[in-house]
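Listed below, chain by chain, are the residues.
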Amino acid sequence: MSTKSKKIKNNEFDKDMKELVKARLNVLPKNVSVSIGQEGTFNREELIEHVDKEDNIGQKITQVEMEFLQAIKKGELYENPIDYQTGL
Amino acid sequence: MKILLITRPDYDITTRYLSAWSKKVIELAEKKNVQVLDLKREKANPKELKSRILKMSPALIIFNGHGDNNCVTGYQDKILIQAGDNEELLESKIVYAVSCRSAAELGPKSIQAGALTYIGYTGDFIFCHDMNKITLPLNDKIVGLFLEPSNQVSISLIKGSTSQDATDRSKQFFWRNIQKMLSSEGTVESNQYAKYLWWNMKHQVCLGDNESTF
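The text that follows walks through the structure, step by step, so that each part is easy to find. Everything numeric in this text was worked out from a predicted model, so none of it was measured.

A few words now on the interface of chain A and chain B. Opposite the 21 residues of chain A that make contact, chain B presents 28 residues. A per-class count over the side of chain A that touches chain B returns 12 nonpolar, seven polar and two charged. With five bridges joining them, strand β1 (residues 32–36) of chain A and strand β9 (residues 126–130) of chain B adopt antiparallel strand pairing. If you follow V34(A) over to β9(B), its bridge partner there is C128(B).

Structure below.
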């Protein structure tokens, strides 16, 4: 695959990822806010806006979402954390 | 008498929630005859912290507030402890920092400087809350999903558990809530809560002596 085709494919993946994150954030109730430390607290619309802008907060939210989905895929969420840490 | 020092800056939404939910920890400590040095609001400043640590030598220090890789902050973001500056104040203490990322750099540096144990988070500490409950944070069931598990570190230490057991218990509480959120008991939005619970659980670490007790 040429570099140009790879770039187009990566862009498409980023776009799809962004849409997935936004769609998942959209189920957050209107009265619920998310506190992200010093960054502040954000409601659903604000979070979606940050994801759209791809700024620091948007990137953090996307990272959490994608790592969480990966963990689900790997079945990590159903393993007791103490067991998988100690290997018991 | 055992002495516990706790910071509760309480000046924005995040620190208001952390401060309010820390009342449960303070109540338990007092019930167990632990002397509590409560640095609330303006008192959560570097001068007061240093003075109380040097005069009273608390064995357990709980930081509630904002933070970064190399620091934890108090009232109005004033830096309380910073790696490379004053982490030696934590020498021979058990520390639990409910703040973002401080276990990434400040934690290891504190251990190098002689802290017994540093329990904290290597990533951002993220929680969800109900905007309609801001004035009654202890009635907010959504935030309880997050702060009840994180409180387990302090509760277990006060009850005499080792640092590792306290961390394990906290992770068990996070995990239990994640399972609830992902089960049929959960609502449409539960998956969103599970995501941040998992994030906090994954980034909670116990550094230094994991057999230390308060």
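All names here are of chain A. Within β1, four of the five residues are buried, which leaves it mostly tucked inside the rest of the structure. Looking at chain direction, β1 and strand β2 (residues 41–42) are connected through two bridges and run antiparallel. Bridged to V34 within β2 is F42. Counted along the chain from β1 to the antiparallel partner β2, the turn is four residues long, and its residue G37 has a positive phi close to 45°.

A few words on the sheet that holds β2(A). An order of β2(A)-β1(A)-β9(B) is seen for the three strands of this open sheet, with the pairing classed as antiparallel. Each edge of the sheet is formed by a strand with only one pairing partner; in this case those strands are β2 of chain A together with β9 of chain B. Those strands touched by helix α4 (residues 141–158) of chain B are β1 of chain A together with β9 of chain B, and its axis lies near 155° from that of β9(B).

All names here are of chain B. At N33, a residue that is not glycine, the phi angle is positive and equals roughly 60°. Along the chain, the position of N33 falls in the loop between α1 (13–31) and β2 (35–40). Among the residues examined, N33 registers 8 C-beta atoms within 10 Å and is labelled exposed. Positioned with a positive phi, R101 is a non-glycine residue whose angle comes to about 60°. Its location among the elements puts R101 in the loop between β7 (94–98) and α3 (102–112).

Reading the values: the criteria
Residues numbered from 1 in each chain as written. Chains lettered and ligands numbered in written order. Predicted model: local features only at pLDDT ≥ 70, side-chain atom pairs only at ≥ 80, totals over all residues. Contact = placed C-beta atoms within 7 Å. Nonpolar A, V, L, I, M, F, W, Y, C, P; charged D, E, K, R; others polar. Pairing = 2+ DSSP bridges. Helix = DSSP H or I, 4+ residues; strand = E, 2+ residues; numbered from the N terminus. Buried ≥ 20, exposed ≤ 12 C-beta atoms within 10 Å, placed from the backbone. Axes fitted to C-alpha atoms, helices over the stretch in contact; angles between N-to-C directions.

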